[in-house]
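# Structural characterization, general
Spelled out, the chains give:
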Amino acid sequence: MRELIHHANLARAAGHHTIPDTIRDTLVTTFTDGVKVGLSDTTSHGTRPGERKARLLLETLRDRHGDVLRFTRDLAVPPTSNQAERDLRPAKCQQNVSGRLTSTDRTQDRYTIRGYVSTAIKHGHNALTAIRDAITGNPWTPPDPVPI
């Protein structure tokens, strides 16, 4: 996975839209084989600490192969969720400071607005313009996702 992310970053820096097929296909095969080996070594969820989580992760990597590796075919898709986690950090800080979030409705509204603004920024729009347009009844909507 690290090698795939590395080559995605190199391709993005070079101005490409995808990882070259020869590199991608070799690394995806290696990744898939690694998942299979991991699954064969962990045939059950086990009883040792972390065994269940490892097995569940391997099952997800196997079962959601297309989603996990989407970034290898479309470099506009980030390989990690780091930015999404950064987008949620202010709300988590408030929760830690106050010991709780406000009402469920208010929290949902906050996350909806933050998600909308974050997505607009990621698509190159100004945050204040996106908020103003949404309030005045002309909200920006993201383009449809690229099919695999």
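Now for a quick tour of the structure. (Residues numbered from 1 in each chain as written. Predicted model: local features only at pLDDT ≥ 70, side-chain atom pairs only at ≥ 80, totals over all residues. Heavy atoms only, no water.)

## Description of the packing of helix α1 (residues 2–13) against helix α2 (residues 21–41)
The contact between α1 and α2 brings their axes to 9 Å, and the two run at 160°. As far as their axial angle goes, α2 and α1 are roughly antiparallel. Classified by chirality, the crossing of α2 by α1 is left-handed. Contacts from E3, L4 and H7 in α1 reach I23, R24, L27, V28 and F31 in α2. (Axes fitted to C-alpha atoms, helices over the stretch in contact; angles between N-to-C directions. Helix = DSSP H or I, 4+ residues; strand = E, 2+ residues; numbered from the N terminus. Parallel < 35°, antiparallel > 145°, perpendicular 65-115°, else oblique. Left-handed = near helix turned anticlockwise from the far one by under 90°. Contact = heavy atoms within 4.5 Å.)

## Observations concerning the nonpolar core
One finds L4, A8, F31, V35, L69, F71 and L75 to be the most contacted residues of the largest nonpolar core, which totals 15 residues. Breaking this core down by element, the ones donating at least two residues are α1, α2 and α3 (51–63). If one sorts the elements of this core by residue count, α2 sits on top with five residues. Setting aside chain neighbours within four positions, we find A8 in contact with I19, F71 and L75. (Core = buried A, V, L, I, M, F, W, Y, C linked by side-chain atoms within 4.5 Å. Buried < 20%, exposed > 50% of the residue type's maximum accessible area, 1.4 Å probe, protein only.)

## Observations regarding α1
End to end, α1 covers 16 Å across 12 residues, agreeing with the expected 16 Å (1.5 Å per residue, within 8%). Here α1 has its buried residues at L4, I5, H7, A8 and A11. Buried residues in α1, looked at end-on, bunch into an arc of 165°, giving them a common side. Those residues of α1 that are exposed and aimed more than 90 degrees away from the buried face are R2 and A13. (Expected span 1.5 Å × (residues − 1). Arc of directions from axis to C-beta.)

## Some words on the side chain of R24
Mapped onto the secondary structure, R24 falls in helix α2. Its relative accessible area of 5% is what places R24 among the buried residues.

## A closer look at the environment of H123
Summarising the element assignment, H123 is placed in the loop between α6 (104–122) and α7 (127–135). You can call H123 partly exposed: its relative accessible area is 40%. Between the C-alpha atoms of H123 and P143, which are 20 residues apart in sequence, the distance is 9.3 Å.

## Regarding the pattern of salt bridges
Evaluation of the coordinates by the stated rule reveals seven salt bridges. For the salt bridge of R132 with D133, the shortest nitrogen-to-oxygen distance reads 3.5 Å. Judged by its relative accessible area of 22%, D133 is partly exposed. Each of the salt bridges in this network shares a partner with another, and the network as a whole consists of D21, R24 and D25. (Salt bridge = Lys/Arg side-chain N within 4 Å of Asp/Glu carboxyl O.)

So far we have only geometry, and geometry alone does not tell us how the molecule works.
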